[in-house]
Amino acid sequence: MSLSSESVEYSEAESAPSARRSLLNFEPNALESEVIAIGLPRFRACQLWRWIWRHGVTDFADMTDLGKSAQALLAERFHVDRPAVSRRQVSSDGTIKWLIRLGDGQEAETVYIPDNNRGTLCISSQIGCTLTCSFCHTGTQRLVRNLTVDEICGQILLAMDELGDWPATRLGRRLTNIVLMGMGEPLYNYESVASAMRIIMSNEGVGVSKRRITLSTSGVVPEIARCGDELGVNLAISLHAVNDDLRDKLVPINRKYNLKTLVDAVRAYPGLSNARRVTWEYVMIDGVNDSEADARALVHLIRGIPSKINLIPFNPWPGTAYECSDEQTIDKFARIVMKAGYASPVRKPRGRDILAACGQLKSDSVRLRASKLEAVQDAAASQS
Ligand code: SF4
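What you see is a predicted model, and the numbers here were worked out from it, not measured in a lab. (Residues numbered from 1 in each chain as written. Predicted model: local features only at pLDDT ≥ 70, side-chain atom pairs only at ≥ 80, totals over all residues.)

### Some details on the overall build of the chain
Part 1 of the reasoning: The helix and strand inventory of the chain stands at 11 helices and 14 strands.
Part 2 of the reasoning: Classification of the 384 residues of the chain by burial places 42% in the buried group.
Part 3 of the reasoning: Across the chain, every contact between residues at least 6 apart in sequence was considered, and the portion connecting residues at least 24 apart equals 68%. (Helix = DSSP H or I, 4+ residues; strand = E, 2+ residues; numbered from the N terminus. Buried ≥ 20, exposed ≤ 12 C-beta atoms within 10 Å, placed from the backbone. Contact = placed C-beta atoms within 7 Å.)

### Regarding the site of the ligand
Part 1 of the reasoning: Taken together, 13 residues are adjacent to the ligand, and Cys129, Leu131, Cys133, Cys136 and Gly139 come closest.
Part 2 of the reasoning: The residue inventory of the shell around the ligand, partitioned by class, reads six nonpolar, six polar and one charged. (Near = placed C-beta within 6 Å. Nonpolar A, V, L, I, M, F, W, Y, C, P; charged D, E, K, R; others polar.)

### Some words on the nonpolar core
Part 1 of the reasoning: By size, the foremost hydrophobic cluster in this structure holds 97 residues, and its most contacted members are Leu48, Cys153, Ile156, Ile200 and Tyr282.
Part 2 of the reasoning: The biggest single contributor to this core is helix 4 (residues 149-163), with eight residues.
Part 3 of the reasoning: Viewed by domain, this core spans two of them, domain 1 (21-81) and domain 2 (84-367), each represented by three or more residues. (Core = buried A, V, L, I, M, F, W, Y, C linked by C-beta atoms within 7 Å. Domains from an automatic or database assignment.)

### With respect to unusual backbone geometry
Part 1 of the reasoning: A positive phi angle, close to 50°, is found at asparagine 116, a residue other than glycine.
Part 2 of the reasoning: Its 5 C-beta neighbours within 10 Å are what place asparagine 116 among the exposed residues.
Part 3 of the reasoning: In this structure, histidine 240 is a non-glycine residue whose phi angle is positive, near 70°.
Part 4 of the reasoning: Its location among the elements puts histidine 240 in the loop between strand 12 (234-238) and helix 7 (244-250).
Part 5 of the reasoning: Among the residues examined, histidine 240 registers 26 C-beta atoms within 10 Å and is labelled buried.

### Quick look at the packing of helix 1 (residues 28-37) against helix 2 (residues 43-55)
Part 1 of the reasoning: Interhelical geometry of helix 1 versus helix 2 gives an angle of 125° and a closest axis separation of 8 Å. By the angle between their axes, helix 1 is oblique relative to helix 2. Crossing handedness for the pair helix 1 and helix 2: right-handed. Every residue of helix 2 that contacts helix 1 at Pro28, Leu31, Glu32 and Val35 is listed here: Arg44, Ala45, Leu48 and Trp49.
Part 2 of the reasoning: Considered class by class, the residues forming the contact of helix 1 with helix 2 number six nonpolar, no polar and two charged. (Axes fitted to C-alpha atoms, helices over the stretch in contact; angles between N-to-C directions. Parallel < 35°, antiparallel > 145°, perpendicular 65-115°, else oblique. Left-handed = near helix turned anticlockwise from the far one by under 90°.)

### Observations regarding the confidence of the model for the chain
Part 1 of the reasoning: Scored by pLDDT, the chain comes out at a mean of 87, with 86% of its residues at no less than 70.
Part 2 of the reasoning: A low-confidence stretch, residues 355-384 stays under pLDDT 50, and its non-local contacts, those more than four residues away or across chains, total 40 contacts. (pLDDT = per-residue confidence, 0-100.)

### Notes on the pairing of strand 6 (residues 107-115)
Part 1 of the reasoning: Taking burial as the measure, the nine residues of strand 6 include seven buried ones, the bulk of the element.
Part 2 of the reasoning: Two elements, strand 5 (residues 96-101) and strand 6, share six bridges in a ladder whose sense is antiparallel. Counted as the bridge partner of arginine 101 is glutamate 107 from strand 6.
Part 3 of the reasoning: Examined bridge by bridge, strand 6 and strand 7 (residues 118-122) share five bridges and lie antiparallel to one another. Residue tyrosine 112 lies in a different strand from strand 7, and its bridge partner there is leucine 121.
Part 4 of the reasoning: The loop that links strand 6 with its antiparallel partner strand 7 comprises two residues; one of these, asparagine 116, has a positive phi angle of about 50°. (Pairing = 2+ DSSP bridges.)

In structure tokens form, the structure reads like this:
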């Protein structure tokens, strides 16, 4: 760990499960139904919504226009808590990572990446992942469960709290973009992800525009069109290989939905234009997918689709067999792609001193807990 990064661990006591239900689960109509069901007038739902989603207030007693009896009634039945934080790390480059602990003790990760006048929050949609992409650390962790709407929204609220970035009180916007690129495959948890995004996009609340939300999928083809029609958010595809043989290995969902099916679905994504391009994520792995022939095949594969290609230097994690391509190779690859007319930024590795890549914060913590457990078991064995 670099000296310039901070890391704070928090105690288990902070994540005690609550019998009260989270109001972060409800879209406006559902919130109204909940309010009416406990005997409050309909207009209280609008007031509540503003307190929760514009002011970030977490205590009903601070929602001053609700009236004492409504405050008490709501506090008895509901809460607007954020997920507990088991660990928070701040990188020397300003990246912040939270390992959050949910009511059932499961953990997921959220990462905030500041960059000039942009602040991007990378959120998780599942705990673990079923998809076992061989270059991805999360893929080594089994799927535990989908995150619920409040757990997805809670990651955003947690960051807004820390950044002091609430619509009603902010001086300047620090959280400008949201990417669903954390743990999990968002299109395998579509209903909850869609509901959470509708809440976050609402202009009466947080008001993040759909143009500032990017959903990244490994290629769950049947849900791609639905995502475009219903949410209209930006689309990113974890591509990583340009022939089926290699993609079958790197991104095994390719065996179900091959490259042709995937590219056809992307071509049909509603609203694509030069102003609204699809992002192809391509992790640069030494000697695996980084040749000049691969670059040319990539250009050929996506021809005619308004596209941006994100080249991501592979960020090695403990136990992986892969290594990152060298700078010269990445540069050559990028030049071929750019010459073909595609923007091809090389994503700067961020937060390396705190293990920034997908799945690494959680795994680090799992390892930490496993080694603590081993130490306890060793001590117990030596006393018996
Ligand atoms: S890259 Fe995404 S879809 Fe693949 S294993 Fe990792 S989290 Fe899952």
